[in-house]
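# Remarks on the overall topology
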Amino acid sequence: MSTRDFEILYKEARLNLEPPSASTVVQIRVAPHGSSFRSNVARPSSNPADDEKAYRAKNLATASSIHYRKHHASPRGILWRVLENDTVLSLRAADVCRQEKDADAPLILNLRFPSPIRAPCIGFADPEGHDALCVYVVDTANQLYSIMLRPDHFKKRTTNDGGALGDAVKVWSPPGFGFKHPHRLAVVNPDQLIVTMHDGGILRFDRNRSHDATEGTLWKETIYNVAGWGQSLRGLVSFNRGSTIRHDKVNMETTAATSTAVTSMDTDYSFLFTVCLDHRMRIWDVRTGQILYTGDILNLKRDPQEDSRWTIEPFQNNLIRIVDGSRGQCLVVTYSPIGAGEFKIWKVKANDQGSIHVADCFPTTPLVPASPSSLDVWTLADFGVARQGDEPELWTMWKNNNTYRVQKLLLHPQSNSPFSEGWKGVSVDNAMPPVQASGPCDPIDSTEKWLDLIFFPGRFSKATLETALAMYEKGLGTYKETSSKAGKNIAEAMCSVLGSTTTLDRSSSGGMDYEQFRGTSETQWMRFWRLLLELDKQRGEALSLVLDPEDGMIWVVCSDCAAAIRQCSDLDRIYHNIHSPDKKHEDVAALVSAGLTFVDSFSDSITQLSKAALRAELYEDSAQSDEDRMQQFYDKAGFWRQITDEDAAQVVETLGQSFRIVTPRLYEDLFELITSASEANSQELREPFTVLGKKVVVRAVQETIELHWQILFSQLLLLIHMEYEVENEEEVLHLRFDVGSVYRQLVDALRRLDYLRWMTKTELNIPVTKATRSTLGGSGTASPTTKRGNEETVSVTVLEGVAGHLFGLPESNMSLLSSITDLVLDLCSPESSTMLPTELVQCWLLKRDRPDLALEASPFAHQDPFSTYIQGRVFLALKDYDTAAVYFRKASIGLSISTKHPERHSAGLLDDTEWNLLNAGLAHYYAHIVSLYDRQKAYSYVVEFSRLALQFAPTASPETIPFVKTEMLSRLFAASTATSHFDVAHTALLSMEDESMQRSYLRRLVEKMCEGGQNAELIALPFSGLQTKVDDILLEKCKAVKDIVSGVPYHQILYAWRINHNDYRGGAAILLDRLQKLRQAGEGDRVGNDDALDTQVTRQYLLLINALSCVPSKEAYVLEDLPASEVDKPERDVGKPSDDLEAHIGDLAERLDAEMKVHQSGKLAEDEQTLVGRMAQFSARQHHGGQPRKFLTLADVRKQYQQELDRIVAIQNNQFGFTAEDDFMELVA
């Protein structure tokens, strides 16, 4: 019997068990008996495994399953795995959905034991009155561990700080284990355990809650043997009876129980059901230790001489399952692995006195399950039973090495042959995509193709990739433990290693041999791919089959993955049962089969050409009609070149002559199959999905995309073939129905699938949410923590990140298996109720600083104004300012028009202030664009769009015009100044109406131009109405100058400014100030190389003389501040004609009186008015006791200049005084 004989009704979604982040893994050492519970953390090695043995020990579980709690639901499912040579028990939440009020449980607890643990002796319990998980473990040192874990252990890292569980761990060394060997552990309730022993007896543990428990007696032990008697452990001696079976270095008696199950049947008693090595089922009364029933598990009457033939191997532990029914009743299913394998179904009843009645439901009918194939050897490894109404549902899992198959059978109690028919199959998700050969026409590079294939989300774990790369390097002889891969991610290391095996040589003609390089590279990648597949196969070894008794979820737990089983959609069922479809879908199945068969005959090159032609149809706008588009696609694809007569005949054979079964209704039926008919997807969520549930959905979407793409792509090519390959024009399809409409629908559906494919294959690291950050934020030694300053991230697909919050169970009462299928089908439908607008996805990516991924989504974007604006934001984030400006201008009209109820959805990219600037006129829109460019410091574009905003400012509302103008002028000025466009900054400055802002920006402009050496440009700017302020700013800068030689030459600038504005006396004044500072700096003593009389001071005297020479002789003077040293000069200097200050004051006073009279008559010239004002200032300065000044005429300046020259000559001739008061000429005399 082959697999295809079973109708496929279910599909798998295989999930990696790799933690999303290193911070979610908590390493906890479980302290042994008698040692401190506060022990240090045992940190696992971070080095990847470099061979297959180390890989298996480190990453593959030897035992694994899922335990579902009965009384509490957060978390309810616990996935447990035994790792690292049986020394680690890994626990994590395995819930697909959760209550809205409950937080997710992201942590993975790795409990590290000092001795290897016994995988069959692991048990769990759920206390009804206390929200906790009780974990019971027996290790090879025969110690019993009792661990109490609260929900916070799975939710908050701080609960696990310190790397130990403290008093939550109780360790007990049972005396009974000293001379008996434990084989299986069964949990009756949190306070009662049962361990089956190697000799057929059972050891019952009752929690000791008396005072003795504080003194080390944690459990009270009672032992029972097969004969039913019991006593305390004191004085008990074990005798070897009958034949034994060697297992794990122990001689097991045939009465030893190898598979157990416990139930109370909703009574006051608990019953232990065991399947023993002697092929018998025994039912124990847990309270009394009595055996209430013993019988063959197949209800056979065996010959005692053939007992050895019916012996079960001790490693078999999945031979009995119990489904509780009404009070006092249960259904028990046993399985015998002897021979071909056979089931037996029992109906068990219990009364209030503790006695039971066991009845065979099918006493005369052998219940032999159908194996997946008669060609291979399959072994039933596990099974589960669920109740669907009054009819139980049997699930079986078969194994053939690392391959497994899952089947389901709905049992009908009234049927005479319940196992003969009705088996339904599950499509197993273990097929890898085919690898197409690379060619020169490939749209992407060969290396990029392989990286996309290998790093497809969820395909391989990181540990698998690292181990495969290490093994590949070992094969090359280049592997080093401290490799040069340090600092590289796995993709870079992979390219480096495989790239080193290929060199680009020259061909015989002398040119570069690219074909040989491509072929060699392809060969090396293929070798690595095969090694990777062989290593990955071990991850898929099935360990257990688990049925969720509440939600009905079916899981296959493997060594390093878990497969969630869901229902098939109608199109899935047609595809997987293509040769035996339902009558309802026979024509659709024929159409699908014809398309798939037709495309299968294509070569790789033709397939690539067809896909290239399709890409143009999907993403290039076309104004052509549907018929023209079809013709263009037909010409570009060119697949007609390889269609043989046999291929065409096969299509006709499937679809009838002239394709008679192809009708508009047939295509309508096909499109209905890819659309979810359920209204539940539009309902509110009853229970949102957990992180695990979201990954189930994403994986199911990935599978559905590939299947739908395969079907619809083949239908598109088949439609083109049927339209253009008909010889009789009277039989062409377009005469029977609108072929163009079907073609358009197929293209739209393929566009949606390609968009979702990109979303499900694109992964990125995003910061954890605030709630998760508080969950993961614990400082302690419980797990490796991130370095200070590094933000914790998790890896998610774009679909999970954008739409994950929309995944969950709807309010309608649907099963979880069908809800997942409906959700997946709705996501893949072109008319999906789940809106995934490209611009929103791009906003989400931009918010997470991934503009590169947002650019990849651009081909899927729409052409509406907001989408166009988002494209501009993408290029802006990529610093492609020119392209961004093009998109911003294109979207300006659409985003400036006011709308009544605009939708404000941007995934947090735009805040309320930015939204308010959209749809509020062109001025506000361009103001928003200005702010965007300003953040990027793209000042040239700030100038451009600021001008546009100012241009349209009058069209804004009257109350916002001042704000827009002020803001834009400010940004225009700042951007122009930053780009040294000072003429634009000057224009913006003159347009400012706010005087304080204008004064501040004027100072900034003057300082910027002076510091940048733009002195000539500063002097040339008119500064209408601001000239006095510019003069004041420059004068203030001159007074504040400390480094007169090498600093900004504010004195020269102010001198040039005043000279340019005909203020020669003002220019002379600033030259005098510079002259004084140069003399104070000692510049007069620094002689040049060529001319000893050419110094900074002498040159400054010449400039001063030249400036005063341009003033009328009567006004050729300046006021010089007297330094403090000259204010207190001795009287001997007063009599000198040149220093007779009183004479100067008297003369100037007379002139001042005369000028005042003229001033009063109103006939004073403008320059004379300036003189009068300055003289008045001088008089006021003297009157109020300001710093003393003296008049310095042109003659005085010339005299000082001559004195400076004489001083330099004297110095050159070594003629100088010993003190500052000595005169040089006196010394000569």
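For the structure itself, consult the block above.
These numbers were taken from a predicted model, which means no experiment stands behind them.

Reading the values: the criteria
Residues numbered from 1 in each chain as written. Predicted model: local features only at pLDDT ≥ 70, side-chain atom pairs only at ≥ 80, totals over all residues. Heavy atoms only, no water. Helix = DSSP H or I, 4+ residues; strand = E, 2+ residues; numbered from the N terminus. Buried < 20%, exposed > 50% of the residue type's maximum accessible area, 1.4 Å probe, protein only. Areas by Shrake-Rupley, 256 points an atom, 1.4 Å probe, with all protein chains shown as cover. Core = buried A, V, L, I, M, F, W, Y, C linked by side-chain atoms within 4.5 Å. Contact = heavy atoms within 4.5 Å. Pairing = 2+ DSSP bridges. Axes fitted to C-alpha atoms, helices over the stretch in contact; angles between N-to-C directions. Parallel < 35°, antiparallel > 145°, perpendicular 65-115°, else oblique. Left-handed = near helix turned anticlockwise from the far one by under 90°. Nonpolar A, V, L, I, M, F, W, Y, C, P; charged D, E, K, R; others polar. Disulfide = S-S within 2.5 Å. Expected span 1.5 Å × (residues − 1). Phe/Tyr/Trp six-rings, centres within 6.5 Å; stacked < 30°, edge-to-face > 60°. Patch = residues over 30% accessible without salt bridge, like charges linked within 9 Å, V, L, I, M, F, W, Y side chains within 5 Å. Salt bridge = Lys/Arg side-chain N within 4 Å of Asp/Glu carboxyl O. Lys, Arg positive; Asp, Glu negative; His and termini not counted. Charge placed at Lys NZ, Arg CZ, Asp CG, Glu CD. Arc of directions from axis to C-beta.

Counting its secondary structure elements, the chain contains 37 helices and 38 strands. Classification of the 1229 residues of the chain by burial places 50% in the buried group. A total accessible area of about 58400 Å² is found for the chain, and carbon and sulfur atoms account for 48% of it.

With 216 residues, the main nonpolar core has W555, F639, Y869 and Y933 as its most contacted residues. Per element, the largest residue contribution to this core is 16 residues, and it comes from helix α13 (residues 691-724). Once you skip the residues sitting within four places of it in the chain, Y869 turns out to touch F888, A891, L895, L910, Y925, H928, I929 and L932. Judged by nonpolar contacts, the second largest core, of 41 residues, contains F271, I283, C330 and V385.

So, about the sheet that holds strand β7 (residues 117-125). Either a parallel or an antiparallel arrangement is found when strands of a sheet pair, and the pairing is made through backbone hydrogen bonds. Strand order in the open sheet made by the 4 strands is β7-β8-β9-β10, with antiparallel pairing throughout. On the outer flanks of this sheet lie β7 and β10 (169-172), each paired with one strand and no other. The mean angle between the axes of side-by-side strands here comes to 15 degrees, regardless of whether they run parallel or antiparallel. Inspection of the sheet shows strand β8 (residues 133-139) paired to strand β9 (residues 144-149) by 6 bridges, in the antiparallel sense.

Another point: the environment of L15. By secondary structure assignment, the location of L15 is in strand β1 (residues 7-16). Expressed as a C-alpha distance, the spacing of L15 and D429, which sit 414 residues apart in the sequence, is 9.8 Å. Residues within four places of L15 in sequence aside, it is in contact with W555, C561, A562, L692, K695, V696 and R699.

Their axes nearest at 10 Å, the elements helix α32 (residues 1096-1109) and helix α36 (residues 1194-1212) cross at an angle of 160 degrees. The angle between the axes of α32 and α36 places the two elements in the roughly antiparallel class. Taken as a pair, α32 and α36 cross one another with a handedness that is left-handed. Packed against α32, whose contacting residues are V1097, T1098, Y1101, L1102, L1104, I1105, L1108 and S1109, the element α36 presents L1194, V1197, R1198, Q1200, Y1201, E1204, L1205 and I1208 at the interface. Here the contact of α32 with α36 is composed, by residue class, of 11 nonpolar, 3 polar and 2 charged.

The next subject is the environment of L950. You can see L950 is positioned in helix α24 (residues 939-951). For the pair L950 and L972, spaced 22 residues apart in sequence, the C-alpha to C-alpha distance is 9.6 Å. Filtering out sequence-adjacent residues up to four positions away, L950 remains in contact with K965, M968, L969 and L972.

A few words on the sheet that holds strand β2 (residues 25-29). The 5 strands lie next to each other as β2-β6-β5-β4-β3, forming an open sheet whose pairing is mixed. Two strands in the sheet have a free side with no partner beyond their single neighbour: β2 and β3 (63-68). Between one strand and the next, the sheet's axes are offset by a mean angle of 20 degrees, whatever the strand orientation. Sheet topology places β2 next to strand β6 (residues 108-112); 5 bridges connect them, and they run parallel. Bridging across to β6, V25 finds its partner in I108.

Below, the discussion takes up the state of the cysteines. Inspection of the entire model under this criterion finds 0 disulfides. Of the cysteine sulfurs around C561, a residue in no disulfide, the closest is that of C558, at 3.9 Å. By relative accessible area, which is 1% here, C561 ends up buried. Lacking any disulfide linkage, C1010 is separated from the closest cysteine sulfur, that of C1038, by 8.8 Å.

Attention shifts here to helix α23 (residues 922-935). Along its 14 residues, α23 runs 20 Å from first to last C-alpha, staying within 8% of the 20 Å computed at 1.5 Å per residue. Of the residues making up α23, those classed as buried are L922, A923, H924, Y925, Y926, A927, H928, I929, V930, S931, L932 and Y933. Along its buried surface, α23 packs onto α20 (865-877), α21 (881-890), α22 (912-917), α24 and α25 (961-978). Looking at the residues trailing α23, positive phi occurs at K937, about 60 degrees.

Our next topic: the packing of aromatic side chains. One pass over the structure, following the stated rule, counts 43 aromatic pairs. Between the aromatic rings of F113 and Y145, the centroid separation amounts to 5.0 Å while the plane-to-plane angle is 85 degrees, which identifies the pairing as edge-to-face. In this pair, F113 is assigned in the loop between β6 and β7 and Y145 in strand β9, connecting sequence segments 32 residues apart. Here F113 matches Y145 in class, with each residue buried. Consider the rings of F460 and W529, whose centres lie 5.8 Å apart with planes at 85 degrees: the pair is edge-to-face.

Attention shifts here to unusual backbone geometry. Across the junction of S74 and P75, the peptide omega takes the value -5 degrees, indicating a cis bond. Secondary-structure assignment places P75 in the loop between β3 and β4 (77-83). Despite not being glycine, N142 has its phi angle at roughly 60 degrees, a positive value. Given the relative accessible area of 18%, N142 is considered buried. One non-glycine residue, N1062, lies in positive phi territory at about 65 degrees. By secondary structure assignment, the location of N1062 is in the loop between α30 (1050-1060) and α31 (1064-1080).

This paragraph deals with the packing of α23 against α24. The N-to-C vectors of α23 and α24 enclose an angle of 170 degrees; their axes lie 8 Å apart at closest approach. Taken as axis vectors, α23 and α24 run roughly antiparallel relative to one another. Between α23 and α24, the residues in contact are A923, Y926, A927, I929, V930, Y933 and D934 and Y939, Y941, V942, F945, S946, L948 and A949, respectively. Along the lines of polarity and charge, the residues of the contact of α23 with α24 split into 12 nonpolar, 1 polar and 1 charged.

Turning next to a negative patch on the surface. A contiguous patch of negative charge on the surface is contributed by D445, E448, D452 and E856. By secondary structure assignment, the location of D452 is in helix α3 (residues 446-454).

Here we come to helix α12 (residues 664-673). Looking at α12, one finds that the buried residues are L666, Y667, L670, F671 and L673. Down the axis of α12, the buried side of the element spans an arc of 155 degrees, and every buried residue falls inside it. Along its buried surface, α12 packs onto α7 (570-576), α8 (586-600), α13, α14 (739-761) and α17 (816-828).

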